Amino acid sequence: MRGRIVVGGLVGLLVSGCAAEAEPVAVPPPAPIAVDVAAASSGGACRLLDFTVIEELLKVRFDVAAASEQGDTHTCVVRAEGAALPELTLSVSETTIDKTTFGADVVPDKAAKITGVGQQAYRRTTAAASGHGPVAEVGWLATDGRLATLSWTGARGGERAAAEKVTGDLAALAKKVDTRAL
């Protein structure tokens, strides 16, 4: 008799295990994790730039980079996410020109010479144009047969005097750009 009771109890337990399963509990999705990505991860001339160094020198936080390559010219544009301007552009091209040719054919009229950047370098600003503010530019003939330009395009409504100050910051950044690493 005991055996029948035990068997009946076991059968009851087995049958109860086949009952409908409890509904799953909804768990909210995890919050997205923001990851800082280096400018260099975009390749091309972006390998020569570092967001942290740019922020230290120019006092602007950039976090988006895009690279392009056309023949012997490598370009990188960096911006802040969600803002078209300001933007910083680095362009590096292979060249066979010398200092004399650079000074005569590349340095724009009314550009100021700067020292300590490459073989020869200049800085200049241009006025605001349709859709953007003034532009600050530093160009140089690197010691490794490359021509490089850093260009800062300011936001609409920016002052030219502010762009002139940026040329000094661009010159400091240019000193940190190692075009040989391209």
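Look up: the structure comes first, before these words.
First, a word on what this report is: a plain description of the structure on this page. Numbering of residues starts from 1 in every chain and runs along the sequence as written. For a predicted model such as this one, the threshold for reporting local features is a pLDDT of at least 70, and the threshold for listing and counting side-chain atom pairs is 80 or more; totals across whole chains, interfaces and linings nevertheless cover every residue. Only hydrogens and water are removed before side-chain values are computed, so all heavy atoms of the structure are retained for them.

## Describing the overall build of the chain
Thought 1: A tally of regular secondary structure across the chain gives four helices and seven strands.
Thought 2: Each helix corresponds to a stretch of at least 4 residues labelled H or I by DSSP, and each strand to a stretch of at least 2 residues labelled E; elements are numbered beginning at the N terminus. For the chain, the sequential pattern of α-helices and β-strands runs α-α-β-β-β-α-β-β-β-β-α.
Thought 3: Accessible area is worked out with a 1.4 Å probe on protein chains only. A residue is then buried under 20% of its type maximum, exposed over 50%, and partly exposed in between. Split into buried and exposed, the 182 residues of the chain put 32% on the buried side.
Thought 4: For the chain, the share of sequence-separated contacts (at least 6 apart) that also reach a separation of at least 24 residues comes to 50%.
Thought 5: Per-residue accessibility takes into account occlusion by the displayed protein chains alone, with areas from the Shrake-Rupley method and a 1.4 Å probe. In the form shown here, the chain has an accessible surface area of approximately 11300 Å², with 55% of it arising from carbon and sulfur atoms. Note on contacts: a residue pair qualifies if any of its non-hydrogen atoms lie within 4.5 Å across the two residues.

## A short note on the packing of aromatic side chains
Thought 1: When the centres of two rings from Phe, Tyr and Trp lie within 6.5 Å, Trp using its six-membered ring, the rings pair. Their planes under 30 degrees apart give stacked, over 60 give edge-to-face, and anything left gives tilted. According to the stated counting rule, one finds two aromatic pairs in the structure shown.
Thought 2: Ring geometry for Phe62 and Trp152: centres 5.9 Å apart, planes at 70°, overall edge-to-face. Residue Phe62 is found in the loop between α2 (51-58) and β1 (64-70), and its partner Trp152 is found in strand β7 (residues 146-153); the two are separated by 90 residues along the sequence. The burial state of Phe62 is the same as that of Trp152; both residues are buried.
Thought 3: Arranged with centres 6.2 Å apart and planes meeting at 35°, the rings of Phe102 and Tyr122 form a pair that is tilted. Of this pair, Phe102 sits in helix α3 (residues 99-106) while Tyr122 sits in strand β5 (residues 120-126), and the two are 20 residues apart along the sequence.
Thought 4: The class of Phe102 is buried, set by a relative accessible area of 0%.
Thought 5: Judged by relative accessible area, which is 4%, Tyr122 ranks as buried.

## Description of the packing of α2 against helix α4 (residues 160-174)
Thought 1: For helices, the axis comes from a line fit to the C-alpha atoms of the stretch in contact; other axes are also lines fit to C-alpha atoms, and the angle between any two N-to-C directions lies between 0 and 180 degrees. Contact geometry for α2 and α4: axes closest at 9 Å, N-to-C directions at 145°. Like other packed secondary-structure pairs, α2 and α4 cross with a definite hand, here right-handed. Residues Val53, Ile54, Leu57 and Leu58 of α2 form the contact with α4, whose own contacting residues are Val166, Asp169, Leu170, Ala172 and Leu173.
Thought 2: When grouped by side-chain class, the residues that make up the contact of α2 with α4 number eight nonpolar, no polar and one charged. Should the near helix be turned counterclockwise from the far one by less than a right angle, the crossing is left-handed, whereas a clockwise turn marks it as right-handed. Three residue categories are used. Nonpolar comprises Ala, Val, Leu, Ile, Met, Phe, Trp, Tyr, Cys and Pro, charged comprises Asp, Glu, Lys and Arg, and polar comprises the others, including Gly.

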